[in-house]
Amino acid sequence: MKGFTRTDLYLSLCGLNCGLCPMLLGGHCGGCGNGNQSCKIARCSLEQLERVEYCCQCGKFPCEKYEGIDEYDSFITHQNRMANLKRAKDIGPAAYRREQEERRGILDRLLAQYNDGRRKTLYCLGSNLLPLETLRAVLQTLEADPLLKGAEQKEKAQSAAKLFQTVAKECKIELKLRKKQG
(Lines give C-alpha, C1' and ligand atoms only; values in the text may rest on other atoms or scores of the structure.)
Protein backbone atom coordinates (compact mmCIF):
# COMPACT_ATOMS: atom_id res chain seq x y z
CA MET A 1 0.00 0.00 0.00
CA LYS A 2 1.48 3.30 -1.07
CA GLY A 3 2.69 5.40 1.84
CA PHE A 4 2.42 2.63 4.42
CA THR A 5 5.74 1.39 5.77
CA ARG A 6 6.86 -0.29 8.97
CA THR A 7 10.22 -0.71 10.58
CA ASP A 8 9.20 -3.33 13.16
CA LEU A 9 8.64 -6.63 11.38
CA TYR A 10 8.15 -8.55 14.63
CA LEU A 11 4.70 -7.15 15.46
CA SER A 12 2.34 -5.82 12.84
CA LEU A 13 0.06 -2.84 13.24
CA CYS A 14 -2.87 -5.22 13.91
CA GLY A 15 -1.13 -7.56 16.36
CA LEU A 16 0.22 -10.38 14.21
CA ASN A 17 3.65 -11.63 15.24
CA CYS A 18 5.12 -11.30 11.76
CA GLY A 19 8.59 -12.30 12.92
CA LEU A 20 7.19 -15.78 13.64
CA CYS A 21 5.36 -16.20 10.34
CA PRO A 22 6.26 -19.02 7.94
CA MET A 23 5.75 -16.71 4.94
CA LEU A 24 8.21 -14.13 6.26
CA LEU A 25 10.69 -16.87 7.25
CA GLY A 26 10.46 -18.32 3.73
CA GLY A 27 11.05 -14.94 2.10
CA HIS A 28 7.57 -14.88 0.55
CA CYS A 29 6.35 -11.81 2.43
CA GLY A 30 8.07 -8.56 3.24
CA GLY A 31 5.93 -8.11 6.32
CA CYS A 32 3.30 -5.54 7.07
CA GLY A 33 3.99 -2.42 5.02
CA ASN A 34 6.93 -3.88 3.12
CA GLY A 35 5.41 -5.24 -0.04
CA ASN A 36 2.42 -6.84 1.62
CA GLN A 37 -1.06 -6.35 0.21
CA SER A 38 -3.12 -3.48 1.54
CA CYS A 39 -5.55 -4.08 4.38
CA LYS A 40 -8.33 -2.10 6.01
CA ILE A 41 -6.30 -1.60 9.18
CA ALA A 42 -3.27 -0.22 7.32
CA ARG A 43 -5.59 2.07 5.34
CA CYS A 44 -7.15 3.26 8.59
CA SER A 45 -3.74 4.06 10.08
CA LEU A 46 -2.93 6.28 7.10
CA GLU A 47 -6.22 8.15 7.53
CA GLN A 48 -5.57 9.06 11.18
CA LEU A 49 -4.19 12.48 12.06
CA GLU A 50 -1.86 10.97 14.62
CA ARG A 51 0.18 8.09 13.22
CA VAL A 52 0.69 5.18 15.59
CA GLU A 53 3.05 2.23 15.33
CA TYR A 54 0.46 -0.22 16.71
CA CYS A 55 -3.32 -0.03 16.83
CA CYS A 56 -3.27 -0.37 20.62
CA GLN A 57 -1.78 3.14 20.73
CA CYS A 58 -4.82 4.61 18.96
CA GLY A 59 -7.47 6.29 21.11
CA LYS A 60 -10.20 4.45 19.13
CA PHE A 61 -8.77 0.97 19.78
CA PRO A 62 -10.36 -1.52 19.64
CA CYS A 63 -12.62 -0.28 16.87
CA GLU A 64 -15.12 -2.06 14.62
CA LYS A 65 -12.29 -3.27 12.37
CA TYR A 66 -11.39 -5.72 15.13
CA GLU A 67 -14.81 -7.38 15.36
CA GLY A 68 -14.28 -11.07 14.66
CA ILE A 69 -10.66 -10.49 13.65
CA ASP A 70 -9.32 -13.47 15.62
CA GLU A 71 -11.90 -16.03 14.46
CA TYR A 72 -9.87 -17.53 11.61
CA ASP A 73 -6.23 -17.86 10.64
CA SER A 74 -4.39 -17.37 7.38
CA PHE A 75 -0.87 -18.76 6.99
CA ILE A 76 -0.12 -17.29 10.43
CA THR A 77 -2.25 -17.69 13.52
CA HIS A 78 -4.59 -14.83 14.33
CA GLN A 79 -5.59 -16.27 17.70
CA ASN A 80 -3.62 -13.91 19.91
CA ARG A 81 -3.79 -10.62 18.03
CA MET A 82 -5.73 -8.79 20.72
CA ALA A 83 -3.63 -10.37 23.48
CA ASN A 84 -0.43 -9.44 21.58
CA LEU A 85 -1.49 -5.81 21.31
CA LYS A 86 -2.52 -5.72 24.96
CA ARG A 87 0.83 -7.18 25.97
CA ALA A 88 2.71 -4.65 23.80
CA LYS A 89 0.71 -1.83 25.38
CA ASP A 90 1.24 -3.16 28.93
CA ILE A 91 5.01 -3.75 28.76
CA GLY A 92 5.86 -1.30 25.98
CA PRO A 93 6.81 -1.95 22.36
CA ALA A 94 10.55 -2.28 23.06
CA ALA A 95 10.05 -4.96 25.73
CA TYR A 96 7.52 -6.75 23.51
CA ARG A 97 10.00 -6.73 20.65
CA ARG A 98 12.67 -8.28 22.92
CA GLU A 99 10.24 -11.07 23.78
CA GLN A 100 9.54 -11.61 20.10
CA GLU A 101 13.23 -11.66 19.30
CA GLU A 102 13.68 -14.38 21.93
CA ARG A 103 10.75 -16.33 20.47
CA ARG A 104 12.29 -15.96 17.00
CA GLY A 105 15.63 -17.20 18.31
CA ILE A 106 13.94 -20.29 19.74
CA LEU A 107 12.05 -20.80 16.48
CA ASP A 108 15.25 -20.49 14.46
CA ARG A 109 16.95 -23.12 16.65
CA LEU A 110 13.98 -25.46 16.34
CA LEU A 111 13.98 -25.11 12.56
CA ALA A 112 17.73 -25.63 12.33
CA GLN A 113 18.01 -28.58 14.72
CA TYR A 114 14.60 -30.31 14.85
CA ASN A 115 13.00 -29.85 11.44
CA ASP A 116 12.66 -32.64 8.92
CA GLY A 117 11.17 -30.27 6.34
CA ARG A 118 7.62 -30.80 7.59
CA ARG A 119 7.52 -28.92 10.93
CA LYS A 120 7.75 -25.22 10.06
CA THR A 121 4.05 -24.50 10.57
CA LEU A 122 3.96 -26.44 13.85
CA TYR A 123 6.98 -24.60 15.22
CA CYS A 124 5.66 -21.21 14.04
CA LEU A 125 2.32 -21.91 15.74
CA GLY A 126 4.00 -23.05 18.93
CA SER A 127 6.31 -20.05 18.95
CA ASN A 128 3.29 -17.78 18.59
CA LEU A 129 0.85 -19.44 20.96
CA LEU A 130 2.80 -21.06 23.78
CA PRO A 131 3.91 -18.96 26.75
CA LEU A 132 7.53 -17.87 26.45
CA GLU A 133 8.52 -19.80 29.59
CA THR A 134 7.04 -22.94 28.05
CA LEU A 135 8.95 -22.40 24.80
CA ARG A 136 12.18 -22.05 26.76
CA ALA A 137 11.40 -25.28 28.64
CA VAL A 138 10.61 -27.17 25.43
CA LEU A 139 13.90 -26.17 23.84
CA GLN A 140 15.82 -26.93 27.03
CA THR A 141 14.20 -30.38 27.27
CA LEU A 142 15.06 -31.18 23.66
CA GLU A 143 18.64 -29.98 23.95
CA ALA A 144 19.18 -31.93 27.20
CA ASP A 145 17.78 -35.23 25.86
CA PRO A 146 20.76 -37.61 25.50
CA LEU A 147 18.80 -39.81 23.07
CA LEU A 148 18.59 -36.93 20.58
CA LYS A 149 22.30 -36.04 20.62
CA GLY A 150 23.28 -38.36 17.77
CA ALA A 151 19.80 -38.96 16.37
CA GLU A 152 18.80 -38.55 12.74
CA GLN A 153 16.94 -35.35 11.82
CA LYS A 154 13.68 -37.24 11.29
CA GLU A 155 13.82 -38.74 14.79
CA LYS A 156 14.68 -35.36 16.32
CA ALA A 157 11.76 -33.75 14.48
CA GLN A 158 9.33 -36.45 15.63
CA SER A 159 10.44 -36.07 19.25
CA ALA A 160 10.17 -32.29 19.09
CA ALA A 161 6.73 -32.43 17.46
CA LYS A 162 5.47 -34.89 20.07
CA LEU A 163 6.80 -32.70 22.89
CA PHE A 164 5.22 -29.60 21.34
CA GLN A 165 1.83 -31.31 21.07
CA THR A 166 2.04 -32.66 24.64
CA VAL A 167 2.95 -29.29 26.11
CA ALA A 168 0.31 -27.49 24.03
CA LYS A 169 -2.36 -29.92 25.25
CA GLU A 170 -1.28 -29.27 28.86
CA CYS A 171 -1.64 -25.54 28.17
CA LYS A 172 -5.05 -26.16 26.51
CA ILE A 173 -3.73 -24.78 23.23
CA GLU A 174 -4.38 -26.38 19.86
CA LEU A 175 -1.43 -26.09 17.48
CA LYS A 176 -3.52 -26.01 14.35
CA LEU A 177 -4.50 -23.24 11.95
CA ARG A 178 -8.23 -22.48 12.02
CA LYS A 179 -9.50 -22.29 8.47
CA LYS A 180 -12.74 -20.56 7.53
CA GLN A 181 -15.34 -23.11 6.53
CA GLY A 182 -17.22 -22.75 3.23
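Okay, so let's go over this structure.

Rules behind the numbers
- Residues numbered from 1 in each chain as written.
- Predicted model: local features only at pLDDT ≥ 70, side-chain atom pairs only at ≥ 80, totals over all residues.
- Heavy atoms only, no water.
- Axes fitted to C-alpha atoms, helices over the stretch in contact; angles between N-to-C directions.
- Helix = DSSP H or I, 4+ residues; strand = E, 2+ residues; numbered from the N terminus.
- Left-handed = near helix turned anticlockwise from the far one by under 90°.
- Contact = heavy atoms within 4.5 Å.
- Nonpolar A, V, L, I, M, F, W, Y, C, P; charged D, E, K, R; others polar.
- Expected span 1.5 Å × (residues − 1).

Thoughts on the packing of helix 6 (residues 132-144) against helix 7 (residues 153-170)
- The N-to-C vectors of helix 6 and helix 7 enclose an angle of 145°; their axes lie 11 Å apart at closest approach. The way helix 6 lies across helix 7 gives a crossing that is right-handed. Residue-level contacts link Thr 134, Leu 135, Val 138, Thr 141 and Leu 142 of helix 6 to Ser 159, Ala 160, Leu 163, Phe 164 and Val 167 of helix 7.
- Here the residues of the contact of helix 6 with helix 7 sort into seven nonpolar, three polar and no charged.

As for helix 6
- Over its 13 residues, helix 6 runs 18 Å from end to end, which matches the ideal 18 Å to within 8%, given 1.5 Å per residue.
- Of the surrounding elements, those touching the buried residues of helix 6 are helix 4 (93-113), helix 5 (120-129) and helix 7.

Side note on the environment of Gly 26
- Topologically, Gly 26 is positioned in the loop between helix 1 (22-25) and helix 2 (40-47).
- Gly 26 sits 133 residues away from Ser 159 along the chain, and the two C-alpha atoms are 24 Å apart.

Looking at unusual backbone geometry
- Of note, the amide linkage connecting Phe 61 to Pro 62 takes the cis form, showing an omega dihedral of -10°.
- Take Pro 62: it is sitting in the loop between helix 2 and helix 3 (81-91).
- With a phi close to 60°, Lys 172 is a non-glycine residue in the positive phi region.
- Within the element layout of this structure, Lys 172 appears in the segment after helix 7.

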